[in-house]
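# Descriptive analysis of the structure
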Amino acid sequence: MSLRPWVPGLLFALVMSSALGVVYTRHQSRVLFMGLQQALERRDALNVEWGRLQLEQSTWATHGRIEREARERLDMRMPDARSTVILLE
């Protein structure tokens with residue numbers, strides 16, 4: 001049984017192309033994994049910043065602070081009972 005002379009060359013070319021495909025796929029996998037890791041780090045940093053911003057907002061929005069700012073900066077006062085009008089249906 002004799003092999004045709006081009007069969008070993010064809011098999012060699014197929015094996016080499018398969019090997020190059022594996023190398024390329026592994027490289028792409030590593031590149032994509034590094035991108036995923038960077039995206040996860042960015043997500044974590046944004047979550048930390050979001051938590052800080054929520055804490056800051058809750059600090060700035062307390063009732064006592066708003067009332068103090070209204071009194072001191074805007075010179076606002078509670079109206080007395082004579083100037084208060086209550087509307088009933």
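Notes on the structure follow. (Residues numbered from 1 in each chain as written. Predicted model: local features only at pLDDT ≥ 70, side-chain atom pairs only at ≥ 80, totals over all residues. Heavy atoms only, no water.)

Looking now at helix H2 (residues 63-72). Within the sequence span of H2, burial applies to Arg 65, Glu 69 and Ala 70. For H2, the buried positions fall inside an angular range of 135 degrees around the axis, keeping them on one side. In H2, the exposed positions that point more than 90 degrees away from the buried face belong to His 63 and Glu 72. Buried residues along H2 sit in contact with helix H1 (7-60). (Buried < 20%, exposed > 50% of the residue type's maximum accessible area, 1.4 Å probe, protein only. Helix = DSSP H or I, 4+ residues; strand = E, 2+ residues; numbered from the N terminus. Arc of directions from axis to C-beta. Contact = heavy atoms within 4.5 Å.)

For the rest of this paragraph, the subject is the pattern of salt bridges. Scanning the model with the defined rule gives 6 salt bridges in all. Of the charged contacts in the structure, one is a salt bridge between Arg 43 and Asp 44, with a shortest N-O distance of 3.1 Å. Under the relative-accessibility criterion, Arg 43 is labelled partly exposed at 45%. Among the ionic pairs, Arg 73 bridges to Glu 69, the shortest N-O distance being 3.1 Å. On the accessibility criterion, Glu 69 (18% relative accessible area) is buried. Here the salt bridges share partners, and the residues they tie into one network are Arg 65, Glu 69 and Arg 73. (Salt bridge = Lys/Arg side-chain N within 4 Å of Asp/Glu carboxyl O.)

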